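Chain by chain, the residues run as shown.
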Amino acid sequence: MNEPFAQAITARIGRPLADDPQLAQLAALVCTASFVPFPLLRDVRTHALPGSALALEARLCESHVVESIASDGFVLHTRIRAVLRHAFRETVRENGPPPGTPALREAMAPGLEFLSPLLRLEERIVWTFVTTDDFLAPADEELALVVHSVVRQRRLRMLEWASGAMLRLPEEVLKGPSAWLLAQLCRAVGLPHPDLAWPESDFDRTLFSEAMALVPQTVVGIARDGSRLSVGPVSAERRIGIRVPATTPVTVRVVWEGQPRGEEVTGVDQAVRTVACGRAAVELVGLDGRVVRLGRFDGARPPEELQRSDLYDRLEEARETRRTLRAQVLSVSRRDTGYVVRLLEEPHVRAFLPHARSEFPRLSSHGLGALLDGAIHVRIDVVDRGSQAVVVSRVRALLSRGTLAVGRRCRGRVVAKEVSGLLVSLNDAAEVAQPEYEPLLGKLDTRHLLPLPGWEAGLRSARSYPVDVGDEIDVEVLSIAAGNRQIRLRMARSQGQPAGSRGGNLQVGDHVVGVVRQKLYNGIRFELRSSASGRAPERAPLGPGLTGLVQNTELSWEGRWFFGGGDAREYPLEEGDRSEMVVIGFHPVTGEVLASVKRLVPDPGEVAIRQLRPGTEAFGIVVGRNNQAWRVRLEPWSVTAVMTGGRAAQHRLRNGVRVYLRIEAVNTLRRTIRASFLRVVDTPVPAEDDEPAQP
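Novice: Could you give an account of the overall build of the chain, naming the residues involved and the relevant values?
Specialist: Summing up its helical and strand segments, the chain has 15 helices and 31 strands in all. Per-residue burial for the chain yields a buried fraction of 50% across its 695 residues. Of the contacts formed within the chain by residues at least 6 apart in sequence, a portion of 62% connects residues at least 24 apart. By element, 49% of the accessible surface of the chain is carried by carbon and sulfur atoms, the whole surface being about 32700 Å². Taking the average place of the 90 positive charges on the side chains of the chain and the average place of its 84 negative ones, the gap between the two points comes to 7 Å.

The structure is reproduced here in structure tokens:
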């Protein structure tokens, strides 16, 4: 770096930083990083300002430019950082890159290694912005990598970084399609995000349609008059609704003969947009790739209006004659008041089945698989042409338990997984067909699941049990209530393949190396390649096709994994990654190798449990509430306490609040801790425009 660069920078940033050119130059050279590690600061100073003293770093850290300092680095003030970045960019645009820029970038590389991969990606985007004119395409490619990881590998926790990064990055780099997609994904999961305009540049429609699978749906109305197509909110003028992703803005692509590439119409959830497509056939394409085709407009009314009228005539006829129809449950309705079903005779119609008219148990979205197993019989109760609403009630089928009897051992298929247990379909085992007969659903409680290494019924959720929806398992019938309403089951060991038969020559305690092959909610499946180096030199090589399952409870000692509440698809391992693990047992049903990643290191929770005594006072973070008790996570994070006595401060006790508490009782066997509330720890509340010390 040279003196003209320092003078150009100071001329653009104004006082009081301009009074110290060396300080201004050093701050400008590190402003591309949202968090500046101290090694990075040292490398930049010694390379760009070789004649400067160490005191320059101290002056920078003590100046008003720095907002907050941690033990390993600091954060520049948000507004000053933005000014420095634009001053850097304007200087490069007018005077060209300063001499020695490639060498400076090489000198910065070791210091940047102290940042996390996502913060390094963020720094690369800003560096491209301040040093090049054509920055939008490279920035969009960097952000596209994040979208790929979120969408295709379900690494949803990366959206937490994206939510903060989009507030720190310059607005100019957020005009590409990948930034817009990240904003929509953050909106879908309830994270803060900027309101970005619809990207004008071309985009990867395949990536868009994959990302839209994570975005909820909304309905917009359409109408044609022979000359123009109108798209906007559903109303009396636009009664025909189409489902599209609920993005901001809502966008639909209209394709017809005169515009084969299509015309994008945006904001159709708030305002009416028109397209002059005449009487030609039209295709409306949503961002998720779903296509709605409208036929050629030949008569006085568009063909879709005639089809809609005929459809509701048929629905009215079915309601008046009380005809029985077949339907399939699609989802739990909004606010959990019933179910959304599809009429199989009219597949384009979605009807509402209230709880009071369904005679089904109240199932969450996780347990909905029990109703998706087969068709049901319904009758239409309400047909409202104006609001396009259809309400149905379920027609109960014949009651029969078939060949099912208490004590019988049979094979059933898992159709749903909930926290308290599994739901198993027994219709095939009992030889009772649906929908002619009522569904036979057996409940397999958590305590009746077979024990597994790394999974304990008293501490774990049944959702983390390594059995997937669609798997067939052996069960024993414990009881059958009147009307087959409650069928209790016990899991039985498979009579086929013996446990451990797929483990080859592996034994419990062996260390092996595997490659990630599949990521599920309840764990990660590895293809086992070899024994860990130096662990078992006398063993024969592993056989081909050997797989191992690491349950989500065996990924980390952190609390959300330890207690089986973490989604293994969010764990930072991608398909193709290699990892060492230790064998902890074999699946009692499939015989698959069960392994652990976290047991490569000692359990920090064991040390914490032994050190805690009644009367000990400690800090914790509130993570949940159950009536008048709160779950509080203690350090290390694999230890959770149940805290009581916080009624006086219950208006302040919410997730994430730091509290001070007293240990009342410790059960080392079950790893349970009971504590009492002392006070909420007073911590500074940052202003709305402030940023944390380390993103």
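Novice: How would you explain the packing of helix α5 (residues 78-95) against helix α7 (residues 117-131) if you had to name every residue and give the values?
Specialist: Here α5 crosses α7 at 40°, and the two axes come no closer than 7 Å. Comparing the axis directions of α5 and α7 gives the class oblique. Of α7, the residues touching α5 (which contributes Arg-85, His-86, Phe-88, Arg-89 and Val-92) are Val-126, Trp-127, Phe-129, Val-130 and Thr-131. Of the residues assigned to the contact of α5 with α7, the class counts are 6 nonpolar, 2 polar and 2 charged.

Novice: Could you give an account of empty space enclosed by the protein, with specific residues and numbers?
Specialist: A complete count under the given rule lists 5 cavities of 30 Å³ or more for this structure. Each pocket or cavity is described by its volume, and for the largest cavity that value is around 60 Å³. Residue lining of the largest cavity: Ala-375, Ile-376, His-377, Arg-394, Val-395, Ala-397, Gln-434, Pro-435, Tyr-437, Glu-438 and Pro-439, and that is the complete set. Secondary structure elements with two or more residues in the lining of the largest cavity: β15 (376-384) and β16 (389-395). Considering only residue class, the lining of the largest cavity consists of 7 nonpolar, 2 polar and 2 charged.

Novice: Tell me about the packing of aromatic side chains, and name the residues and values.
Specialist: Evaluated as defined, the whole model comprises 9 aromatic pairs. Judged by centre distance (4.9 Å) and plane angle (80°), the rings of Trp-455 and Tyr-465 are edge-to-face. Of the two residues, Trp-455 is situated in the loop between β19 (441-445) and β20 (472-480) and Tyr-465 in the loop between β19 and β20; the sequence distance between them amounts to 10 residues. The exposure class of Tyr-465 is buried, given its relative accessible area of 0%. Members of the aromatic cluster, joined through ring pairs, are Trp-180, Trp-198 and Phe-208.

Novice: Can you lay out the state of the cysteines for me, pointing to particular residues and giving the numbers?
Specialist: Under the definition given, this model contains 0 disulfides. Summary of cysteine pairing: Cys-31 is not part of a disulfide, and the nearest cysteine sulfur, belonging to Cys-61, is at 15 Å.

Novice: I'd like a rundown of the sheet that holds strand β5 (residues 229-232), residues and numbers included.
Specialist: Taken in spatial order, the 4 strands of this open sheet run β6-β4-β5-β9, and their pairing is antiparallel. Each having just a single partner strand, β6 (240-245) and β9 (273-275) make up the two edges of the open sheet. Strand-to-strand, the axes of this sheet are offset by a mean angle of 30°, without reference to chain direction.

Novice: Quick rundown of α7? Include the residues and the values.
Specialist: Its 15 residues place the ends of α7 21 Å apart at the C-alpha level, agreeing with the 21 Å of an ideal helix rising 1.5 Å per residue. Burial in α7 covers these residues: Leu-119, Leu-121, Glu-122, Glu-123, Ile-125, Val-126, Trp-127, Phe-129, Val-130 and Thr-131. Those residues of α7 that are buried are in contact with α5, α6 (101-112), α8 (136-152) and α9 (158-168).

Novice: Help me get a handle on the pattern of salt bridges, residues and values and all.
Specialist: As enumerated under the stated definition, the model contains 32 salt bridges in all. The shortest N-O distance in the salt bridge between Arg-411 and Asp-474 comes to 2.6 Å. Here Arg-411 is found in strand β17 (residues 409-418), whereas its partner Asp-474 is found in strand β20, with 63 residues between them in sequence. Its relative accessible area of 42% is what places Arg-411 among the partly exposed residues.

Novice: Now, about the sheet that holds strand β7 (residues 251-256): what can you tell me, with residues and values included?
Specialist: Within the open sheet, the 4 strands sit side by side as β8-β7-β10-β11. Their pairing is antiparallel. The open sheet has two edge strands, β8 (259-266) and β11 (291-294), and neither has a second partner. Going across the sheet, the axis of each strand differs from the next one's by a mean of 25°, ignoring polarity. For β7 and strand β10 (residues 282-286), the ladder comprises 4 bridges, and the chain directions are antiparallel. Paired with Val-252 across the two strands is Gly-286, which belongs to β10.

Novice: An account of the environment of Arg-447 is requested, with residue identities and associated values reported.
Specialist: Following the sequence through the fold, Arg-447 ends up in the loop between β19 and β20. According to the relative accessible area criterion, Arg-447 is exposed, its value standing at 62%. Spatially, the C-alpha atoms of Arg-447 and Gly-421 are 8.3 Å apart, while their sequence positions differ by 26 residues.

Novice: Describe in detail the pairing of β10, supporting the description with residues and values.
Specialist: For β10, the buried fraction is high: 4 of the 5 residues fall into the buried class. Bridge count for β10 against β11 is 4 bridges, and the pairing is antiparallel. By the bridge assignment for β11, Val-282 is matched with Leu-294. Connecting β10 to the antiparallel partner β11 that follows it, the hairpin turn spans 4 residues, and Gly-289 within it adopts a positive phi of roughly 90°.

Novice: Now, about unusual backbone geometry: what can you tell me, with residues and values included?
Specialist: Between Thr-248 and Pro-249 the backbone carries a cis peptide bond, its omega angle lying at 0°. Summarising the element assignment, Pro-249 is placed in the loop between β6 and β7. Look at Arg-154: it is not a glycine, yet its phi comes out positive at around 55°. Examined against the element boundaries, Arg-154 turns out to sit in the loop between α8 and α9.

Novice: Just give me the short version of the layout of surface pockets, but keep the residues and values in it.
Specialist: It is a probe the size of a water molecule, rolled over the atoms, that shows where empty space is left. Roughly 1800 Å³ of internal volume is contained in the largest pocket. Val-219, Gly-241, Arg-243, His-348 and Arg-350 are the residues nearest the centre of the largest pocket, which is lined by 45 residues in total. Looking at the lining of the largest pocket, the elements with two or more residues in it are β4 (217-224), β6, β11, α12 (303-321), β12 (325-332), β13 (338-343), β14 (350-354) and β16. Its residues placed into classes, the lining of the largest pocket shows 23 nonpolar, 11 polar and 11 charged.

Novice: Before we move on, could you go through the environment of Thr-337 and cite the residues and values that matter?
Specialist: Here Thr-337 shows up in the loop between β12 and β13. Distance from Thr-337 to Val-392, taken between C-alpha atoms, is 13 Å for residues 55 residues apart in sequence. Look past the residues within four positions of Thr-337 in its chain and what remains in contact with it is Phe-352, Pro-354 and His-355.

Novice: Hey, could you go over the packing of helix α3 (residues 38-48) against α6 for me, with residue numbers and the actual values?
Specialist: Running from N to C, α3 and α6 point in directions that differ by 160°, and their axes come no closer than 8 Å. With respect to their mutual orientation, α3 and α6 come out roughly antiparallel. The way α3 lies across α6 gives a crossing that is right-handed. Across the interface between the two elements, Pro-39, Leu-40, Asp-43, Val-44 and His-47 of α3 pack against Ala-103, Leu-104, Ala-107, Met-108, Pro-110, Gly-111 and Leu-112 of α6. Broken down by class, the residue content of the contact of α3 with α6 amounts to 9 nonpolar, 2 polar and 1 charged.

What counts, and at which threshold
Numbers given for residues are sequential positions, taken from 1 along each chain in its written order. Residue-level local features of this predicted model are given only where pLDDT is at least 70; pairs of side-chain atoms are given and counted only at 80 or more, and the full residue set underlies all totals for whole chains, interfaces and linings. Calculation of side-chain values draws on the structure's entire complement of heavy atoms; hydrogens and water are dropped beforehand. The numbering of helices and of strands both runs from the N terminus, where a helix is a DSSP run of H or I of at least 4 residues and a strand a run of E of at least 2. A simple rule labels every residue: compare its accessible area, found with a 1.4 Å probe on the protein chains alone, to the largest value its type can have, and call it buried under 20%, exposed over 50%, or partly exposed in between. Here, two residues are considered to be in contact whenever any of their heavy atoms come within 4.5 Å of each other. Here the open area of atoms and residues is found with the Shrake-Rupley method and a 1.4 Å probe, where only the protein chains shown may cover a residue. The positive count covers Lys and Arg only, the negative count covers Asp and Glu only, and His and the chain ends enter neither. Taken as the charge centre is NZ of Lys, CZ of Arg, CG of Asp or CD of Glu, depending on the residue. To get an axis, fit a line to the C-alpha atoms, keeping to the stretch in contact for a helix; angles then go from 0 to 180 degrees between the N-to-C directions. For classification purposes, an angle smaller than 35 degrees is called roughly parallel, one larger than 145 roughly antiparallel, one from 65 to 115 roughly perpendicular, and anything else oblique. When residue character is reported, Ala, Val, Leu, Ile, Met, Phe, Trp, Tyr, Cys and Pro are called nonpolar, Asp, Glu, Lys and Arg charged, and the others, Gly included, polar. Think of a 1 Å grid over just the protein atoms. A cavity is a set of points where a 1.4 Å probe fits yet cannot get out, a pocket is an open set with protein on both sides within 12 Å along at least five of seven lines, and lining residues have an atom within 4 Å of a point. Grid points are joined across faces, edges and corners, and a volume is the space filled by probe spheres set on the points. What counts as a ring pair is set by centres within 6.5 Å for rings of Phe, Tyr and Trp (its six-membered ring), and what kind of pair is set by the plane angle: stacked under 30 degrees, edge-to-face over 60, tilted for all other angles. Defined by distance alone, a disulfide is two cysteine sulfur atoms within 2.5 Å. Each pair of strands is called paired provided DSSP finds at least two bridges between the two strands. Expected helix span is given by 1.5 Å per residue-to-residue step, counting one fewer step than there are residues. Put simply, a salt bridge is a Lys or Arg side-chain nitrogen that is within 4 Å of an Asp or Glu carboxyl oxygen. If you view the pair so one helix is near and one far, a crossing is left-handed when the near helix is turned anticlockwise from the far one by less than a right angle, and right-handed when it is turned clockwise.

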